[in-house]
Amino acid sequence: MSTVVVTGTQWGDEGKGKIVDYLAQQADIVVRHQGGSNAGHTVVVDGQDYKLRLMPSGILYKGSLCIVGNGVAFDPKIMLEEMDGLAKRGIDLSGIRISNRAHVVLPYHCLMDGLGDEARGKNKVGTTHRGIGPCYVDRDNRIGIRVCDFIDKEEFAKRLKENLEIKNRELKLLYDHEPLDYDQMLEEYNGYADRLRPYVCDTIALLNDEIDKGKKVLFEGAQATMLDIDYGTYPYVTASHPVAGGPTVGAGVAPKKIDKVVGIVKAYCTRVGEGPFPTEQLNAIGDKIREEGHEYGVVTGRPRRTGWLDACVVRYAGLLSGIDYMAVTRLDILDSFDEIKMCVGYKYKGELLNEIPASLKILADVEPVYETFEGWKTDITKVRKYEDLPEKAKKYLERMAEVTNIKLGIVSVGPNRDETIVLAKDIF
Ligand code: GDP
Ligand code: IMO
Ligand code: MG
């Protein structure tokens with residue numbers, strides 16, 4: 001048995017796609033278990049970029065099974081767009097499997113995501129408008145449409161009618177928006193269902209059978225700990241559980257079947273959308289991080305907010321997800337910095353805090369306690385062995401492991417598959 005969960009430790013965009021693709025060399029199956037097309041995972045192979053949203057990042061290996069689990073907010077239109085794009089680039093799609101229990105994102109979810117968030121004015125979350133929150137709201141309100149119903153023409157026609165009546169009333173009353181057309185939506189989505197039907201199955205049975213046969217499975221988290229609906233900076237969070245517990249409910253795999261957890265840690269910090277970010281640098285340093293790192297969103301193109309590494313947040317992620325190893329990504333982006341800072345604690349009203357505060361009022365007011373490191377001022381992108389990294393870079397990494405209490409497993413020094421240094425030999 002060998003199952004590995006990959007989880008983001010910060011506010012997303014840590015490089016989960018790159019590390020999942022790297023680890024997928026050894027895996028038989030890659031599974032998405034939460035989130036939806038709000039994710040933007042970039043995989044670079046031989047200098048070619050693949051931007052994946054719903055598609056598990058194992059798709060670039062011929063023959064690997066790529067499962068979209070029951071916990072995913074599944075947008076059939078985006079999935080087909082991705083599939084068509086990949087097919088044009090010669091990628092084999094035969095390994096795709098879509099859970100019959102996943103909930104379907106429909107146009108009213110995306111529309112209401114945008115209208116709802118804008119209506120909050122200055123309190124908006126800054127969502128991706130991909131319909132993720134509204135889709136999960138319908139699931140939890142028990143009016144959602146699951147994939148098994150979506151591919152059943154009769155059932156879908158009935159459920160869409162019922163839902164659209166409710167949604168059109170809400171659209172009119174809340175936003176004075178014109179109604180969405182039932183016949184047009186039914187026809188369009190029936191077309192998508194016809195194309196996707198061959199990929200739909202009971203992924204819970206499939207996955208558990210494969211695990212029992214000894215197949216190697218990677219669970220690819222989307223978003224990250226600080227965007228988790230319960231553990232993140234609520235309400236500035238996404239609507240799912242990116243922590244490592246996610247696959248147990250989002251893919252139907254029991255906790256005792258999970259062997260290892262890898263936490264992805266970007267060597268500094270970014271955030272897209274609103275909400276507190278204690279180590280944010282609204283200054284020339286933040287601008288330098290953004291420019292060196294090309295920190296602009298994959299999904300929305302928005303400039304990402306930037307700041308120093310917050311080891312308090314990573315330590316919290318380690319606790320919540322039981323992280324065995326961290327994979328530190330984008331260390332190369334810091335190559336040209338004279339000085340690098342790491343937040344190792346929070347002070348509030350002069351006192352050191354032991355926990356990440358639940359109250360956003362407090363979190364917005366904490367004073368990060370920084371340690372300062374000398375920059376290594378060397379191009380590290382060609383380094384392939386840990387011992388060949390500059391001493392100053394190792395010092396930064398080793399302090400990170402110490403403060404977070406998580407072992408260093410991987411160091412990534414570039415977006416390509418081979419730009420990876422592996423210290424842990426027992427991830428799989
Ligand atoms: P994800 O959402 O966690 O998968 O991360 P994104 O794909 O949104 O953003 C990470 C970006 O960093 C992508 O453009 C990756 O290709 C890139 N990347 C990943 N690892 C590294 C690295 O070690 N160095 C550099 N320079 N880029 C990296
Ligand atoms: P990956 O998987 C970074 C953010 C949005 C917004 C909040 C809620 O690429 O790391 P949502 O549309 O999910 O309801 O938006 O969460 N967000 C992400 N930020 N990376 C992501 O995914 C994100 N997915 C959602 O910007 O602040
Ligand atoms: Mg991303």
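Residues numbered from 1 in each chain as written. Chains lettered and ligands numbered in written order. Predicted model: local features only at pLDDT ≥ 70, side-chain atom pairs only at ≥ 80, totals over all residues. Heavy atoms only, no water.

1. Structural notes on the site of ligand 1
Taken together, 20 residues lie around ligand 1, and Lys 16, Thr 42, Arg 330, Asp 332 and Ser 412 are the ones closest in. One nitrogen or oxygen atom from the side chain of Asp 332 is found 2.7 Å from a nitrogen atom belonging to ligand 1. Between Ser 412 and ligand 1, the recorded distance is 2.5 Å, taken from a side-chain N or O atom to an oxygen atom. When ligand 1 sits alone it has 590 Å² of accessible area, and the protein chains cover 93% of it. Residue assignment for the shell around ligand 1 shows that the elements contributing at least two residues are α1 (16-23) and β3 (41-45). Looking at the shell around ligand 1 residue by residue, the classes come out as five nonpolar, eight polar and seven charged. (Near = heavy atom within 4 Å. Polar contact = N/O pair within 3.5 Å; in protein donor to acceptor, adjacent residues only side chain to side chain. Areas by Shrake-Rupley, 256 points an atom, 1.4 Å probe, with all protein chains shown as cover. Helix = DSSP H or I, 4+ residues; strand = E, 2+ residues; numbered from the N terminus. Nonpolar A, V, L, I, M, F, W, Y, C, P; charged D, E, K, R; others polar.)

2. Comments concerning the sheet that holds strand β11 (residues 260-266)
Taken together, the 10 strands give an open sheet; going across it, the order is β9-β7-β5-β2-β10-β1-β11-β15-β19-β20, and neighbouring strands pair in mixed fashion. For this open sheet the edge positions go to β9 (200-201) and β20 (420-422), each flanked by a neighbour on one side alone. Where strand β7 (residues 96-99) lies against β9, two bridges are found, and the strand directions are parallel. Along β9, the bridge assignment pairs Ser 99 with Cys 201. (Pairing = 2+ DSSP bridges.)

3. Regarding the site of ligand 2
Around ligand 2, 20 residues are found, and the nearest of them are Asp 13, Lys 16, His 41, Thr 128 and Thr 238. For ligand 2, an oxygen atom lies 2.8 Å from a polar atom in the backbone of Asp 13. Lys 16 is positioned such that a nitrogen or oxygen atom in its side chain is 2.7 Å from an oxygen atom of ligand 2. Burial of ligand 2 by the protein chains amounts to 97% of its free accessible area of 560 Å².

4. Thoughts on the pattern of salt bridges
In this structure the tally under the stated criterion is 31 salt bridges. Between Arg 304 and Asp 13 there is a salt bridge whose closest N-O contact spans 3.1 Å. In this pair, Arg 304 sits in the loop between α10 (284-293) and β13 (305-307) while Asp 13 sits in the loop between β1 (2-8) and α1, placing the two residues 291 residues apart along the sequence. Here Asp 13 falls in the partly exposed class, since its relative accessible area comes to 22%. Taking the shortest distance from any N to any O, the salt bridge between Asp 202 and Arg 101 comes out at 3.7 Å. A residue pair is termed long-range when its members are at least 10 positions apart, and Asp 202 in the loop between β9 and α8 (203-212) and Arg 101 in the loop between β7 and β8 (103-104) qualify at 101 residues. When its relative accessible area of 32% is taken as the criterion, Asp 202 is described as partly exposed. Taking the relative accessible area as the measure of exposure, Arg 101 reaches 38% and is therefore partly exposed. The network of salt bridges with shared partners includes Asp 13, Lys 266, Glu 295, Arg 304 and Arg 330. (Salt bridge = Lys/Arg side-chain N within 4 Å of Asp/Glu carboxyl O. Buried < 20%, exposed > 50% of the residue type's maximum accessible area, 1.4 Å probe, protein only.)

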